[in-house]
Amino acid sequence: MRFWKAVMGFVAASWLFAPAAQALSVDLISNGDFETGDLSGWTTAGNARGETFAVNEGTRNPHGPLRATEPLSGSYDALYVPRFSGAASLTQFFTVPDQVFSATFSFTERVGLWGFFDVSNHQFRVSVIDKIGDVISQVYSTASAGLQLGSGTPSDLSFDLTALMQANQGRTLGVQFELEAQHWSMNASLDNVSMMVETPAAVPLPPTIWMMLAGLGALGAMGWKRRRSGGQSA
Ligand SMILES: [Ca+2]
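Numbers given for residues are sequential positions, taken from 1 along each chain in its written order. The predicted nature of this model means local features are confined to residues of pLDDT at least 70 and side-chain atom pairs, given and counted, to a pLDDT of 80 or more, with totals for whole chains, interfaces and linings taken over all residues.

The protein appears in an unreviewed UniProt entry as Ice-binding protein C-terminal domain-containing protein from Thioclava atlantica.

Chemist: I'd like a description of the environment of Arg125, backed by residues and values.
Modeler: Secondary structure elements are taken from DSSP: a helix is a run of H or I of four residues or more, a strand is a run of E of two residues or more, and numbering for both begins at the N terminus. Positionally, Arg125 belongs in strand E7 (residues 123–130). Taking the C-alpha atoms as reference points, Arg125 and Glu180, 55 residues apart in sequence, are found 8.3 Å from one another.

Chemist: Talk me through the sheet that holds strand E10 (residues 172–181); I want residue IDs and the actual numbers.
Modeler: One open sheet holds the five strands; their spatial order is E2-E5-E10-E7-E8, and the pairing between them is antiparallel. Whereas interior strands pair on both sides, the edge strands pair on one side only; in this sheet they are strand E2 (43–45) and strand E8 (135–141). Neighbour to neighbour, the strand axes of the sheet diverge by 20° on average, direction disregarded. What makes two strands pair is DSSP finding at least two bridges between them. As paired strands, E7 and E10 are joined by eight bridges and run antiparallel to one another. Each bridged residue has a counterpart across the sheet, and for Arg125 the counterpart in E10 is Glu178. Under this scheme, a helix contributes an axis fitted over its contacting stretch, all axes are lines through C-alpha atoms, and angles between N-to-C directions fall in the 0 to 180 degree range.

Chemist: Hey, could you go over unusual backbone geometry for me, with residue numbers and the actual values?
Modeler: A positive phi angle, close to 55°, is found at Asn31, a residue other than glycine. With respect to the element layout, Asn31 can be found in the loop between strand E1 (22–27) and E2. In this scheme the burial state of a residue depends on its C-beta neighbours within 10 Å: 20 or more other such atoms mean buried, 12 or fewer mean exposed, and anything in between means partly exposed; the C-beta positions come from the backbone. Looking at Asn31, the number of C-beta atoms within 10 Å reads 17, which means it is partly exposed. A positive phi angle, close to 55°, is found at Asn192, a residue other than glycine.

What follows is the structure, encoded as C-alpha cells:
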C-alpha cells in the first residue's frame with residue numbers, strides 16, 4: 001500500500017513538474033529561400049510558351065532597365081522573366097498541422113514593370129489554394145495595370161493567416177505566386193517564402209522518469225508475487 005502511494009506520488013510530482021503546453025514554431029515551406037540552387041519543393045506552371053519561374057543566381061538579365069538581377073537574398077532567388085504574354089506560377093503544397101495557434105505567411109517580392117503601363121490585366125498575385133488548385137484566399141495582388149505594379153523595388157510582405165490555417169487544420173493547402181504578364185515588360189522575383197506556424201509541442205516525460213516508473217513497476221510486481229507465494233506456503 002505504501003509502495004503504490006509512493007508511485008502515485010511520484011507520478012503526480014512528475015505531472016506537476018511537467019511544463020505547461022508548449023508551442024513549437026515550424027516553417028511549413030521547404031526551400032523557401034531557394035538556397036538549394038534549384039526549385040526543390042516547388043512546382044511551376046508556365047504560360048503558353050512554357051516560360052515560368054526559374055532559379056536566378058544573379059546572371060539572368062531581364063528585359064528592360066533592371067539588367068542582371070542580384071538575388072533578393074543569399075545566393076539564389078526565383079525569377080520569372082517572360083517574353084510572351086500569359087500567366088505563370090510557382091506553387092508549394094504543405095499539410096496544415098492538426099492544431100494551429102498562429103500562422104504567419106511572409107515573403108520578399110520584387111515586381112518590375114518598365115513600360116506599357118496602360119496594358120490591362122498585368123498582375124502579380126499571391127494566393128492560398130486547396131489541394132486541387134482552387135484559390136481559397138487571395139492574400140495579395142497588385143493593381144492590374146499602371147505604375148503601382150512595381151518599380152523593381154524589393155518589398156518584404158507578411159500576412160497573419162491564423163484564421164485561415166485554423167479553418168483548414170489537418171488539410172493539404174498550397175501557396176501560389178502568379179505573374180500574369182500581357183507583354184514582355186514585366187518580371188517578378190521571389191525569395192524568403194515562409195509559413196511559420198505555432199503548433200502545440202508534445203511534452204513527453206523525460207526518459208529517466210519512464211525508466212524509474214518501469215523499475216518501480218517491476219519491483220511492485222516482484223513484491224506482489226513474493227507476497228502471493230508467501231501466502232500460499234503459509
Ligand atoms: Ca535566397
